[in-house]
Amino acid sequence: MTDPVGKLPSELDQLPDRDAEETAEWAASLDAVAEHAGPHRAAYLMRRTLQHAEKAGVALPRLLETDYVNTIPTSAEPAFDGDEAMEARITAWNRWNAAAMVTRGSKHGVGGHIATFASAAWLYETGFNHFFRGKEGDGSGDQLYIQGHASPGIYARAFLDGRLTEDHLDNFRQEAGGKGLPSYPHPRRLPWLWEFPTVSMGLGPLSAIYQARFNRYLQGRGIKDTSNSHVWAFLGDGEMDEPESTAALALASREQLDNLTFVINCNLQRLDGPVRANFKIVQELEAQFRGAGWNVVKSLWGSAWDEVFQLDTTGALVRRLREVPDAQFQTYATRDVAYIREHFFGAEPALVELGKILTDAKIAECFHTSRGGHEARKVYAAYRAALAHKGAPTVILAQTVKGHTLGKGFESKNANHQMKKLTIDEFKGMRDLLGLPIADSAFDSGVVPYGHPGADSPEVRYLQERRAALGGPAPARRVHASAPLPQPEERAFKALHKGSGKQEMATTMAFVRLVKDLMRDKQTGRRWVPIVPDEARTFGMESLFPSAGIYSPMGQTYEPVDRDQLMYYKEAKDGQILNEGITEAGAMADFIAAATSYSTHGETMIPFYIFYSMFGWQRTGDQMWQLADQLGKGFIVGATAGRTTLTGEGLQHADGHSHLIAATNPASLNYDPAFAYEIAVIVKDGLRRMYGENPEDVFYYLTVYNEPKPQPAMPEGVEEGIVKGLYRFKEGAAGADAPRLQLLASGTAIHWALEAQRLLADDWSVAADVWSATSWGELRRDALEADAALLRGEQRTPYVTQALEGAPGPVLAVSDWMRQVPDQISQWVEQDWSSLGTDGFGLSDTRDAARRHFGVDAQSITVAALAQLAKRGEVPASAVKEARERYGL
């Protein structure tokens, strides 16, 4: 909608103009410049004015884009602190060995990626030579998130500095009895080198932000001085399309994480072609990061462009660079000078004249190779600017050519991500380009040789001296020698052992109560890291707010609306709780940072992350694998679990499958406890296994329920069964000659089974033993290990088989999960097996109605039990029909 004179309304129309005449004069001046000097000059003056206003502290919205040029002018580049020629030789060796390793690996059919590191080599080498702090100096060193497809270059550097051998390189992408190299950064496969698994694209940038934030959390709580730790995340421009890549940009800005730098390798290509064929990815990313409050440094053009920009007196070159789409610029990198003169410089007369001044050699250098990401001085200047900037994180947008130095067959080709090897002639051409002293005779065997200047060569000495000055080798993962955490006092656990008497308590509340007590432990209480995505009150955790505090780097700059209440909302710089807002991905990234702090910082933390069960494994399962890959430890708690427990929420919140997904992860120990005392036993055992004398690289997944029930006291002698996954909770009371069966139940289903036990005894004179199956997954894990032992010639009976040995009658398993969850153990149960579960979509209704719908309520269990006994001839077949009619099924 416009006003009567056709002017578009804006927010300025709501502000009083105290001097309309002055405003009109400014507008008239701008009109005059546009008319006499052109719109480009007018735009330049406006941007200069805005820039000046920003420096003067005038509060104005920032421009989201700048010209397609380097942020740091050549005149402002700092002096280079190093030997450029020496670093060029080091980088050349690393380029060579990375390409040789992948090419040699192709004979085994394992492949590999060459082009990514070729484009990003200087981004890494400059960091390793000048910036990345190692773990042997003060503090924890820097945290490096290496782009997954660049791993060959990191291996090549580790070979040069003596940490890897030729045999290691020849075992790239092979296990080789523990002497191989994983395809990508993988702590579980190469735990002394890699800290962070990053090739599941998008998770690296998300995790890097929360790692930087967790570093500040440790410092805020007085646990570790992390002031000298900087997080560097190396990313691809194509990777930034993943929603996780940019999901937490605002958090990083809001919390002023100037201990974080993103380095985005903008080679303009993703896996199959251009990242933004018809647009410009650098400009898009700049606007996105600037809009989120980040400091943006663009390093686009190499030194060959410096002279050309000086000749651009009209601004035509800068305008043209900004308008050419990425796919066209990729084409320029592969075409001859005549093509570039016609299609780039031919766009307008001023460019034609500029092109006449430039030699063919200069144009070829500029358009084929000279990029900011390929020159140590340009990268060095960008990194220095990132570390100098305070109050916000920095992103460096470094432009490169994908496949740089690999030859015309590779450089800027759409297919280069899938190209796995170079020919001998291509290697010879690369050797000549890089100036490496490798003789032609070295290729006589038909196999490309590795190159190494010698363990005592100037290159290796320089590399090692640089790393020593920066605190030792990098990347590197260290598990510091530290004493096991002492076991907490028994008091917290015994409180749940006693049961709740007549008082009803949900297992969610039991878990929260236990952790609240454990957080008071004098020795280990401060190690707990409660994490919740904006549902603390749902899970009864609001009592932790005033006592533990919610972490905020700003503290609490306001008076909370509930300050006069006992459980008021309290934020603090040393707060213990991480309340992340509505972001399960962010909360999971928090958990990973805390769960691996024992290696990253040498500080053991005990994270527990509690969430709506449905929004855990289903939503962030990839991060659960990242946690396992990174050897993280802690407690993941799926609250309001099960498909029928969360009344009225319906399909989206009804979780009947998370235990099935969790069962796929070898590092996840999955429990579905029924009672409060079971939770106490499981948590105590988890603390022992993860943080005790012989710590294991596992994490625990517990499901808890929001259904209040009386909590019984712990029976004698059940601890082993709770931990292993099964124990008899209540024996059937019918006569010795009565038909008998075994009811196995987990979680809240134990209550339906107990009611079915009563109905079977009272109405049908059938005895049913009720077993608590605390972990279908652990029962299966044990059984699989027994099977594996049998193949080795060892005789071992699975625990579930032992536990049920001799138990009379068939077995009927029931849970609030899909039938496949209990069915995991069916093949190791000698009795006749059947199961009930909540297969299908959820629905909005009462608990009773939902359970009747899925056929898992007590009456349905009773009918299913009678049906199993009828098959065996132990009850009349008519009893099944009679039961259905009696219970209205």
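Residues numbered from 1 in each chain as written. Predicted model: local features only at pLDDT ≥ 70, side-chain atom pairs only at ≥ 80, totals over all residues. Heavy atoms only, no water.

Asker: Mind showing me how you'd approach a negative patch on the surface here?
Answerer: Negative charge collects at one region of the surface, where D17, D19, E21, E22 and E25 lie side by side. Mapped onto the fold, D17 is located in the segment before α1 (20–37). For D17, a relative accessible area of 45% gives the class partly exposed. (Patch = residues over 30% accessible without salt bridge, like charges linked within 9 Å, V, L, I, M, F, W, Y side chains within 5 Å. Areas by Shrake-Rupley, 256 points an atom, 1.4 Å probe, with all protein chains shown as cover. Salt bridge = Lys/Arg side-chain N within 4 Å of Asp/Glu carboxyl O. Lys, Arg positive; Asp, Glu negative; His and termini not counted. Charge placed at Lys NZ, Arg CZ, Asp CG, Glu CD. Helix = DSSP H or I, 4+ residues; strand = E, 2+ residues; numbered from the N terminus. Buried < 20%, exposed > 50% of the residue type's maximum accessible area, 1.4 Å probe, protein only.)

Asker: Help me understand the packing of aromatic side chains, please; the structure alone is not making it clear to me.
Answerer: How two aromatic rings sit relative to each other is given by the distance of their centres and the angle of their planes. Across all of its chains, the model carries 47 aromatic pairs by this definition. Here W528 and F608 contribute two aromatic rings whose centre-to-centre distance is 6.2 Å and whose plane-to-plane angle is 65°, an arrangement assigned as edge-to-face. Placement of the pair is W528 in strand β7 (residues 528–532) and F608 in strand β11 (residues 606–612), with a sequence separation of 80 residues. Grouping residues by exposure puts W528 and F608 together as buried. Between the NZ or CZ atom of K280 and the centre of the ring of Y68, over which it lies, the distance is 3.9 Å. If you follow R335 out to its NZ or CZ, it ends over the ring of Y339, 4.1 Å from the centre. (Phe/Tyr/Trp six-rings, centres within 6.5 Å; stacked < 30°, edge-to-face > 60°. Lys NZ or Arg CZ within 6 Å of the ring centre and 35° of its normal.)

Asker: Looking at this model, I keep getting lost on the nonpolar core. Mind explaining?
Answerer: Considering soluble globular proteins, one finds that nonpolar side chains tend to be buried as a cluster. Counting residues in each nonpolar core, the largest one holds 86 residues, and the members touching the most others are W528, F635, V683 and L743. Among the elements that make up this core, the one with the highest residue count is helix α26 (residues 676–691) (10 residues). Each residue touching V683, except ones within four places of it in the same chain, is listed here: F493, F511, L514, L518, W528, F635 and L702. If you look at the next biggest cluster of nonpolar residues, it comprises 67 residues, including A99, L422, Y450 and Y462. (Core = buried A, V, L, I, M, F, W, Y, C linked by side-chain atoms within 4.5 Å. Contact = heavy atoms within 4.5 Å.)

Asker: Explain the packing of helix α20 (residues 507–518) against α26 to me, please; I cannot follow it from the model alone.
Answerer: Between two packed helices, both the angle of their axes relative to each other and the distance between the axes serve to describe the pair. Between α20 and α26, the least distance of the axes is 9 Å, while the angle of their chain directions is 45°. In terms of orientation, α20 and α26 fall into the oblique class. Where α20 crosses over α26, the handedness of that crossing is right-handed. For the pair α20 and α26, contact is made by T507, A510, F511, L514 and L518 and by A676, I679, A680 and V683, respectively. Here the contact of α20 with α26 is composed, by residue class, of eight nonpolar, one polar and no charged. (Axes fitted to C-alpha atoms, helices over the stretch in contact; angles between N-to-C directions. Parallel < 35°, antiparallel > 145°, perpendicular 65-115°, else oblique. Left-handed = near helix turned anticlockwise from the far one by under 90°. Nonpolar A, V, L, I, M, F, W, Y, C, P; charged D, E, K, R; others polar.)

Asker: How should I be thinking about helix α18 (residues 458–469) in this particular structure?
Answerer: Residues spaced three or four apart along an α-helix point in a common direction, a consequence of the helix completing one turn every 3.6 residues. Helix length check: α18, at 12 residues, gives a terminal C-alpha distance of 16 Å against a target of 16 Å (1.5 Å per residue), a fit within 8%. All of the buried residues along α18 are E459, V460, Y462, L463, R466 and R467. Each buried residue of α18 lies within a common arc of 165° when the element is viewed along its axis, so the set occupies one face. More than 90 degrees from the buried face of α18, the exposed residues found are E465, A468 and A469. Here the buried face of α18 lies against α3 (84–105), α4 (115–130) and α5 (151–160). (Expected span 1.5 Å × (residues − 1). Arc of directions from axis to C-beta.)

Asker: Looking at this structure, I do not really get the environment of G634. What am I missing?
Answerer: By secondary structure assignment, the location of G634 is in the loop between α24 (617–629) and β12 (635–639). Residue classification places G634 among the buried residues on the basis of a relative accessible area of 0%. When the C-alpha positions of G634 and F591 are compared, they lie 8.0 Å apart, and in sequence the two are 43 residues distant. Apart from residues no more than four positions distant in its own chain, G634 is found in contact with F591, P607, M690, Y691, V698, F699 and Y700.

Asker: Help me understand the pairing of strand β18 (residues 767–772) in this model?
Answerer: Along any regular strand, the residues point their side chains to alternate faces of the sheet. With six of its six residues buried, β18 lies for the most part within the structure. A two-sided burial pattern is seen for β18, the buried positions comprising A767, D769 and W771 on one face and A768, V770 and S772 on the other. Alignment of strand β16 (residues 727–730) against β18, held across three bridges, turns out to be antiparallel. Looking across to β18, one finds that Y727 is bridged to S772. In this sheet, β18 lies alongside strand β17 (residues 740–745) in parallel orientation, the contact comprising six bridges. If you follow R740 over to β18, its bridge partner there is A767. A crossover links β17 with its parallel partner β18, the connecting element being helix α28 (residues 749–764), and its sense is right-handed. (Pairing = 2+ DSSP bridges. Right-handed = clockwise from strand over helix to strand, strands pointing away.)

Asker: It is not clear to me how the pairing of strand β2 (residues 231–236) should be interpreted in this structure. Could you clarify?
Answerer: Burial within β2 is extensive, with six of its six residues counted as buried. The side-chain alternation of β2 yields two buried faces, one formed by V231, A233 and L235 and the other by W232, F234 and G236. Pairing analysis gives three bridges linking strand β1 (residues 143–145) to β2, with the strands arranged parallel. Its bridge partner lying in β2, Y145 is registered against A233. Bridge analysis of β2 against strand β3 (residues 260–266) gives six bridges, and the strand direction is parallel. Paired with V231 across the bridge in β3 is L260. With respect to chirality, the unit in which β2 leads through helix α8 (residues 249–254) into the neighbouring parallel β3 is right-handed.

Asker: Explanation requested: the sheet that holds strand β10 (residues 578–579) in the structure shown.
Answerer: Strand pairing within a sheet occurs via backbone hydrogen bonds; the two strands may be parallel or antiparallel. Reading across the sheet, the six strands line up as β10-β7-β11-β12-β14-β13 and stay open at both edges, with parallel pairing between neighbours. Where the open sheet ends on each side, the last strands, each with one partner, are β10 and β13 (668–671). Bridge count between β7 and β11: four bridges; the pairing is parallel. Bridging across to β11, I531 finds its partner in Y609. The sheet strands contacting α26 are β7, β11, β12, β13 and β14 (699–703), and the helix crosses β14 at an angle near 165°.

Asker: Can you walk me through the pattern of salt bridges in this structure?
Answerer: Side-chain pairs of opposite charge can arise whenever the charged atoms involved come near each other. On inspection of all chains with the given rule, the structure shows 56 salt bridges. Notably, a salt bridge pairs E136 with R478, separated by 3.5 Å at the nearest N-O pair. One end of the pair, E136, is in the loop between α4 and β1; the other, R478, is in the loop between α18 and α19 (491–497), and 342 residues separate them in sequence.

Asker: Is there a simple way to think about the side chain of R221 in this case?
Answerer: Following the sequence through the fold, R221 ends up in the loop between α7 (203–220) and β2. This buried residue, R221, is left without a salt bridge; D574 holds the nearest opposite charge, at 7.2 Å.

Asker: Sorry, what's going on with the packing of α1 against helix α2 (residues 39–55) here?
Answerer: Following both chains from N to C, one finds α1 and α2 inclined at 140°, their axes separated by 6 Å at the closest point. Put simply, α1 runs oblique to α2. For the pair formed by α1 and α2, the contact residues are L30, V33, A34 and A37 on the first element and P39, R41, A42, L45 and M46 on the second. When grouped by side-chain class, the residues that make up the contact of α1 with α2 number eight nonpolar, no polar and one charged.

Asker: In this structure, what is going on with the sheet that holds strand β4 (residues 295–299)? I would like to understand it.
Answerer: Read across the open sheet, the five strands follow the order β1-β2-β3-β5-β4; overall the sheet is parallel. The open sheet has two edge strands with one neighbour each: β1 and β4. Each strand of the sheet is rotated relative to its neighbour by a mean of 15°, with strand direction disregarded. Strands β3, β4 and β5 (394–399) of the sheet are contacted by helix α9 (residues 281–291), whose axis makes an angle of about 160° with β4.

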